[in-house]
Amino acid sequence: MDDELKHYINQYMQEQNSRSIAGFEGYSPEEMHQLVYNPYSAASPLQVLQPAEVVYEQCPIYRMAHYLLTYIQTSGEVKLTAKGYLPVKLVKELYDQGFIEEEHISLGITKLYKEQDSLSINLTRNLLHLAGITKKRKGQLSLTASGIQILQKPHKLFESLLKTMTLRFNWGYYDAYENEYLGQTGFGFTFILIAKYGSTKRTDDFYGEKYINAFPEFTETIVPQYRSIIEYLAHCYSIRTFERFMEYFGLIKLTKEGMRMERKHYIQKTEFFDQIIQIRPHQKTGSKG
């Protein structure tokens, strides 16, 4: 193959990979590849900003993590239960701060007796452990050396929580949906959707359909016992992405309207989202020749 033909083929492939795709909200296959496999890289459309330290107080899970870390640091160590969970007194103290309200607890459906009764508290502890900020040894919970340092650096703490949540923690951990990757795969695309449409209050179904349209492979392996495939996947996507991630991180406001069986969930981005997330527009690449 001569050099001119190689150049032509390479140029053609580059143009194909950089072309704007409607189903990707105008982004190219190459940009979507970065969003899926290198979401926080310089080449990704998703960029995490570093605002003033006080801005992080708008993030509920950051506030809970900071409170817990400060408590551990002050105590030196926290004695865990026989099964390795936070003591009941500390769990109640954390929840009573009002960082994250959980409906089943607020309505009295579940009594807050132990860490496992609160998803947000259990999630926070898991994220801190996965991020290497805390450690367990001989039934005691303490800060690691890096944890002591990161407690004084709001941006580093938030960034660790965000990256651990999106890249390391399994979003399917708290549910029984068949595909554990749905929602977490291509989470960066959801950031694009929220940035583009989130100023207006819209249903979670609106975002679910767009996500599934961009990642149709999720429809190929699911056989739901009830609902249509799209409804089933959109519901899974909404719970994992909005209720247990973005709302906990203060990136969206989630409003529930209507009776329980016919309840609609509405999503709207927060001021914190715009202060912490920047989405770069589609970049046209390629040379003419």
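Our subject is the structure that appears above.
Summary of the structure given here. Quantities reported herein were computed from a predicted structural model and do not represent experimental measurements.

**Considering the overall build of the chain**
Along its length, the chain carries twelve helices and eight strands. Oriented by its inertia axes, the alpha-carbon framework of the chain measures out at about 70 × 45 × 35 Å. Going through the 289 residues of the chain one by one, you find that 45% of them count as buried. Relative to all contacts within the chain whose residues are 6 or more apart in sequence, the contacts with residues 24 or more apart total 65%. Working note: accessible area of the chain is about 15400 Å², and carbon and sulfur atoms make up 50% of it. Separation of charge centres in the chain, based on 34 positive and 33 negative side chains, amounts to 7 Å.

**Quick word on the sheet that holds strand 3 (residues 134-137)**
The three strands are arranged 2-4-3 in an open sheet whose pairing can be described as antiparallel. In the strand order of this sheet, the two ends are held by strand 2 (78-79) and strand 3, each with one partner. Strand direction decides the pairing type here: strand 2 and strand 4 (residues 140-143), joined by two bridges, are antiparallel. Pairing of K79 across the sheet is with Q140, part of strand 4.

**Here we look at the sheet that holds strand 7 (residues 264-269)**
Here we have three strands laid out as an open sheet, ordered 5-7-6, and antiparallel in their pairing. Edge positions in the sheet fall to strand 5 (202-203) and strand 6 (252-257), since each of these pairs with one other strand and no more. Pairing of strand 6 with strand 7, which is carried by six bridges, proceeds in the antiparallel orientation. Of the residues in strand 7, the one forming a bridge with L254 is I267.

**What to know about the environment of L35**
The residue L35 is located in helix 2 (residues 29-37) in this model. In this structure L35 comes out as buried when scored by relative accessible area, which is 1%. Contact partners of L35, with chain neighbours within four places excluded, come to S44, P45, L46, G188, F189 and I192.

**Focus: the pattern of salt bridges**
Throughout the structure, instances matching the rule amount to twelve salt bridges. With a shortest N-O distance of 2.5 Å, R125 and E115 are connected by a salt bridge. Taken together, the residues R125 in helix 6 (residues 119-130) and E115 in the loop between helix 5 (103-106) and helix 6 connect sequence positions ten residues apart. Accessibility classification places R125 together with E115 in one group, the buried group. Note that R240 is salt-bridged to D175, the shortest N-O span being 2.8 Å. Note that R240 is positioned in helix 11 (residues 229-246) and D175 in the loop between helix 8 (154-168) and helix 9 (187-197), a separation of 65 residues in sequence. Across the pair, exposure class does not vary: R240 and D175 are buried alike. Within the structure, one salt-bridge network assembled from shared partners comprises E103, E243, K256 and R263.

**Describing the environment of K264**
Counting through the fold element by element, K264 comes out in strand 7. Residues K264 and D205, spaced 59 residues apart in sequence, show a C-alpha to C-alpha distance of 9.0 Å. Here K264 is in contact with D205, T255, K256 and E257, once residues within four sequence places are set aside.

**Some details on the nonpolar core**
Within the largest apolar cluster, 79 residues are counted, with the highest numbers of intra-cluster contacts made by L86, F158, F191, F245, F249 and L251. A total of nine residues in this core trace back to one element, the largest contributor, which is helix 11.

**A closer look at the packing of helix 10 (residues 204-214) against helix 11**
Between two packed helices, what matters for the description is the angle formed by their axes and the separation of those axes. Two numbers describe how helix 10 lies on helix 11: the axes approach to 9 Å, and their chain directions differ by 110 degrees. Accordingly, the angle class assigned to the pair helix 10 and helix 11 is roughly perpendicular. Contacts between helix 10 and helix 11 involve D204, D205, Y207, G208, E209, Y211 and I212 from the first element and I230, L233, A234, Y237, S238 and F242 from the second. Residue composition of the contact of helix 10 with helix 11, grouped by class: eight nonpolar, two polar and three charged.

Definitions and limits used
Residues numbered from 1 in each chain as written. Predicted model: local features only at pLDDT ≥ 70, side-chain atom pairs only at ≥ 80, totals over all residues. Heavy atoms only, no water. Helix = DSSP H or I, 4+ residues; strand = E, 2+ residues; numbered from the N terminus. Buried < 20%, exposed > 50% of the residue type's maximum accessible area, 1.4 Å probe, protein only. Contact = heavy atoms within 4.5 Å. Areas by Shrake-Rupley, 256 points an atom, 1.4 Å probe, with all protein chains shown as cover. Lys, Arg positive; Asp, Glu negative; His and termini not counted. Charge placed at Lys NZ, Arg CZ, Asp CG, Glu CD. Pairing = 2+ DSSP bridges. Salt bridge = Lys/Arg side-chain N within 4 Å of Asp/Glu carboxyl O. Core = buried A, V, L, I, M, F, W, Y, C linked by side-chain atoms within 4.5 Å. Axes fitted to C-alpha atoms, helices over the stretch in contact; angles between N-to-C directions. Parallel < 35°, antiparallel > 145°, perpendicular 65-115°, else oblique. Nonpolar A, V, L, I, M, F, W, Y, C, P; charged D, E, K, R; others polar.

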